[in-house]
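# What the coordinates show
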Amino acid sequence: MANKPDTQFLGPEQRRAAWERFGKDHFDVVVVGGGVVGAGIALDAATRGLQVALVEARDFASGTSSRSSKMFHGGLRYLEQLEFGLVREALRERELTLSTLAPHLVKPLRFLYPLTNRVWERPYVAAGLVLYDTMGGSKSVPGQRHLSRAGALRLAPGLRRDSLIGGVSYYDTVVDDARHTMTVARTAAHYGAVIRTSTQVVGFVREADRVIGVKVRDTEDGRNGEVRGHVVINATGVWTDEVQALSHQRGRFHVRASKGVHIVVPRDRIVSDTAIILRTATSVLFVIPWGAHWIIGTTDTEWNLDLAHPAATKADIDYLLERVNEVLVTPLTPGDIDGVYAGLRPLLAGESDETSKLSREHAVARVAPGLVGIAGGKYTTYRVMAMDAVDEAAQDIPARVSPSITAKVPLLGADGYFALVNQTVQLAETYGVHPYRVKHLLDRYGSLIADVMAFATDKPELLQPITDAPSYLQVEAVYAAAAEGALHLDDILARRTRISIEYPHRGSNCAEQVAQLVAPILGWDEEEVDREVQTYQARVDAEIHSQTQPDDASADALRIAAPEPRPEILEPVPAEG
């Protein structure tokens, strides 16, 4: 199967075939959840030679995995908490991903750490960065550099002179989290995993005390079915407790949701050649370059409302503006904000320390015969989490399970990427686009660029930009529907591209054009095109209005009033306990 040229595609044809296979095949591993950990588990298991199915109720990365700070990093602040093992593990993963697994998606990024105390802070920060620079072994990024106040301000002229007495420069990395997660899932499909989004788990199939599969519902048309396997792995992040409750087994750990909000402002609003990390009273604030924008975040507040659509409030946005304006020469205003997004961190709240036996950051437990749960962790360590989950699940698989090999498996698009970067000018001439467009495409698709551009072979008009989102070509929307598993406008505008946070209109101005582009692929008639556009517009309106509300409850009430693009999705069962 892995050698078929279309196995890496996740289009409508593969979606239909996956439903048929669910009904007749018996799998070794059934993964529930299409975030980065679920996708990573599917890839890990498939490359061990196991038969794998993955189901996701909404879209790849539709929860936490598309709403991070966009960093693939060790977590500098964890050093202060003496989490040396976690930082070392994360830095090793950063290096592996940057050099081998996904160099097209994860990029080095220089940071400035402004210093404010003349006595203790420089040696303190320097000591931490020495550890940060060395703990991950060999590295593909430069080490720290110490700067005077004048040197720091040359890097970041937008900072107020009285906001720092000097600075330290160091490197981390940035990633388009949603695109990375989807690419992990496509790589798993390439190695034989059967993957299907818009497929919600509504119950477990049991035989005596053993879990032998899941009951699923197609959230597009309401069909019901079953997927059977030797072991089910629950990798649903903030939904862990809800899915766990469907099994009628007491969980080995609980997950608490913490809301993190980010704002997106145009690049010219802050004059700086480097990302910035700022200390706050309780945590840190990141100011991260993102194409023609800056991403500023994050907050950290408890969230007990709708898990699918966490809402940012006016208080969240005001907090971020107040913190960043403390150091900026030219303060930001609400009118400067082009985009806002809120995500939920799945934090472990275990019933006992034993559940965290593999790592203090994530926990894996065999909840019942045939059912494994994994929770916690951070985006950067998804590959280690996946390996641990499959290792735990192995005891329920009759055949011998080989060790994990994902440290040696580049994601789709990585192979040949560096050579193609050196051929940017030639590729631009071949495809008839500007070299900066080729660079943009290489940094999103890597060596799959030829697959993308092939969709424009007989339709050169697809090489024109999307009219109201000119950072993206029309062919990218087509490719998202044909190859990347996108089923709705929301999938394309919020995750395959980041139009929903990169333009002040949040995607509403180009919704009609994109819907018309993908309608032939997804089989939409004019009525369905209208429904998709109206549903997306309702989402944008609800989010904008919710962001004017003073508190979580009122913001949540406005946000959840918007219609779901997946019409047949069911409300999750309340978690027990």
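Residues numbered from 1 in each chain as written. Predicted model: local features only at pLDDT ≥ 70, side-chain atom pairs only at ≥ 80, totals over all residues. Heavy atoms only, no water.

## Quick word on the pattern of salt bridges
Applying the stated criterion to the full structure yields 39 salt bridges. Its salt-bridge partner being Asp177, residue Lys70 comes within 3.1 Å of it at the nearest N-O pair. Of this pair, Lys70 sits in the loop between β2 (52–55) and α3 (76–80) while Asp177 sits in helix α7 (residues 177–190); the two residues are 107 residues apart in sequence, bridging distant segments of the chain. Taking relative accessible area as the criterion, Lys70 reaches 0% and is therefore assigned buried. Residues Arg498 and Asp177 are paired through a salt bridge, measuring 3.0 Å at the closest nitrogen-oxygen approach. In this pair, Arg498 is assigned in the loop between α16 (489–496) and α17 (499–502) and Asp177 in helix α7, connecting sequence segments 321 residues apart. For Asp177, a relative accessible area of 0% translates into the label buried. (Salt bridge = Lys/Arg side-chain N within 4 Å of Asp/Glu carboxyl O. Helix = DSSP H or I, 4+ residues; strand = E, 2+ residues; numbered from the N terminus. Buried < 20%, exposed > 50% of the residue type's maximum accessible area, 1.4 Å probe, protein only.)

## Quick notes on a nonpolar patch on the surface
Together, Val119, Trp120 and Tyr124 give the surface a local cluster of nonpolar side chains, amounting to about 350 Å² of exposed area. Residue placement: Trp120 occurs in the loop between β3 (106–115) and α5 (121–134). For Trp120, a relative accessible area of 43% puts it in the partly exposed group. (Patch = residues over 30% accessible without salt bridge, like charges linked within 9 Å, V, L, I, M, F, W, Y side chains within 5 Å. Areas by Shrake-Rupley, 256 points an atom, 1.4 Å probe, with all protein chains shown as cover.)

## Topic: the UniProt feature "domain: Alpha-glycerophosphate oxidase C-terminal" (unreviewed entry) in the chain
In the UniProt entry, the feature "domain: Alpha-glycerophosphate oxidase C-terminal" (unreviewed entry) is given for residues 404–528. Counted over residues 404–528, helix gives 54% and strand 6%. Its end C-alpha atoms are 43 Å apart. (UniProt positions renumbered as here; feature names shortened; annotations may be inferred.)

## Focus on empty space enclosed by the protein
Summary: where empty space remains is shown by rolling a probe the size of a single water molecule over the atoms. Across all of its chains, the model carries seven cavities of 30 Å³ or more by this definition. Here the largest cavity defines a volume of roughly 430 Å³. Per-element accounting of the lining of the largest cavity gives the leading share, five residues, to helix α19 (residues 526–546). Class assignment for the residues of the lining of the largest cavity results in 13 nonpolar, seven polar and eleven charged. In this structure, the second largest cavity encloses a volume near 110 Å³. If you trace the second largest cavity, you find it lined by Leu10, Gly11, Pro12, Gln14, Arg15, Phe60, Ile195, Arg196, Thr197, Gly485 and Leu487. Elements supplying a minimum of two residues to the lining of the second largest cavity: α1 (12–24) and β6 (194–196). By residue number, the principal contributor to the lining of the second largest cavity is α1, which donates three residues. (1 Å grid on protein atoms, 1.4 Å probe; cavity = no way out; pocket = protein on both sides within 12 Å on 5 of 7 lines; lining within 4 Å. Points joined across faces, edges and corners; volume = space filled by probe spheres on them. Nonpolar A, V, L, I, M, F, W, Y, C, P; charged D, E, K, R; others polar.)

## Re α19
In a regular helix each residue adds 1.5 Å, so 21 residues correspond to 30 Å; α19 covers 30 Å between its end C-alpha atoms and thus fits that length. What α19 keeps buried is the set Val529, Glu532, Val533, Thr535, Tyr536, Arg539, Val540, Ala542, Glu543 and Ser546. Structurally, α19 contributes buried residues whose contacts are with α16, α17, α18 (511–522) and α20 (552–559). The N-cap of α19, judged by a side-chain oxygen 3.2 Å from the amide nitrogen of Glu527 a few residues on, is Asp525. (Expected span 1.5 Å × (residues − 1). Contact = heavy atoms within 4.5 Å. Polar contact = N/O pair within 3.5 Å; in protein donor to acceptor, adjacent residues only side chain to side chain.)

## Some thoughts on the packing of aromatic side chains
Summed over the entire model, instances satisfying the criterion amount to twelve aromatic pairs. In textbook terms, an aromatic cluster arises when at least three aromatic residues are bridged by ring pairs, as seen for Phe9, Tyr445, Phe455 and Tyr479. Looking at Arg223, its charged tip hangs above the ring of Trp19, at a distance of 4.6 Å from the centre. The cationic tip of Arg267 hangs over the ring face of Trp294; the distance from NZ or CZ to the ring centre is 4.9 Å. (Phe/Tyr/Trp six-rings, centres within 6.5 Å; stacked < 30°, edge-to-face > 60°. Lys NZ or Arg CZ within 6 Å of the ring centre and 35° of its normal.)

## What to know about α20
Of all the residues in α20, the buried ones are Ala555, Asp556 and Arg559. Seen end-on, α20 carries its buried residues on one side only, within an arc spanning 100°. In this fold, the buried residues of α20 make contact with α19. By the N-cap criterion, in which a side-chain oxygen at the helix start approaches the backbone nitrogen of a residue two or three places on, α20 is capped by Asp551, the distance to Ala553 being 3.2 Å. (Arc of directions from axis to C-beta.)

## Some thoughts on the pairing of β3
Most of β3 is tucked away, with seven of its ten residues classed as buried. Pairing of β3 with strand β5 (residues 166–175), which is carried by ten bridges, proceeds in the antiparallel orientation. Bridging from a neighbouring strand, Val106 pairs with Val175 of β5. Where β3 lies against strand β11 (residues 275–279), two bridges are found, and the strand directions are parallel. Considered in β11, the bridge of Phe111 is made with Ala275. (Pairing = 2+ DSSP bridges.)

## As for the side chain of His180
Topologically, His180 is positioned in helix α7. Leaving out residues up to four positions away in the same chain, His180 has contacts with Val36, Phe72, Ala102, Leu105, Val175, Tyr379, Tyr382 and Leu411.

## Considerations on the layout of surface pockets
Empty space within the second largest pocket amounts to approximately 770 Å³. Along the walls of the second largest pocket sit 26 residues, with Trp290, Gly291, His440, Asp443 and Glu502 positioned nearest its centre. Of all the secondary structure elements, the ones that give two or more residues to the lining of the second largest pocket are β3, β5, β12 (284–290), α13 (435–445) and β19 (469–473). Per element, the largest residue contribution to the lining of the second largest pocket is six residues, and it comes from α13.

## A closer look at a negative patch on the surface
On the surface, Glu512, Asp525, Glu526, Glu527, Glu528 and Asp530 cluster together to form a negatively charged patch. A per-element tally of the negative patch places α19 first, with four residues. The residue Glu527 is located in helix α19 in this model. (Lys, Arg positive; Asp, Glu negative; His and termini not counted. Charge placed at Lys NZ, Arg CZ, Asp CG, Glu CD.)

## With respect to the confidence of the model for the chain
Do not read the fine detail of predicted coordinates wherever pLDDT is low. Per-chain confidence: the chain averages 92 in pLDDT, with 95% of residues scoring 70 or above. The model gives residues 1–5 a pLDDT under 50, and that stretch makes six contacts with residues more than four places away or in other chains. (pLDDT = per-residue confidence, 0-100.)

## Considerations on the packing of α16 against α18
For the pair α16 and α18, interaxial distance at closest approach is 10 Å and the crossing angle is 115°. In terms of axis orientation, α16 runs roughly perpendicular to α18. Crossing hand, α16 versus α18: right-handed. Residue-level inspection shows Leu489, Ile492 and Leu493 of α16 in contact with α18, the latter providing Ala511, Val514, Ala515 and Val518. When its residues are assigned to classes, the contact of α16 with α18 shows seven nonpolar, no polar and no charged. (Axes fitted to C-alpha atoms, helices over the stretch in contact; angles between N-to-C directions. Parallel < 35°, antiparallel > 145°, perpendicular 65-115°, else oblique. Left-handed = near helix turned anticlockwise from the far one by under 90°.)

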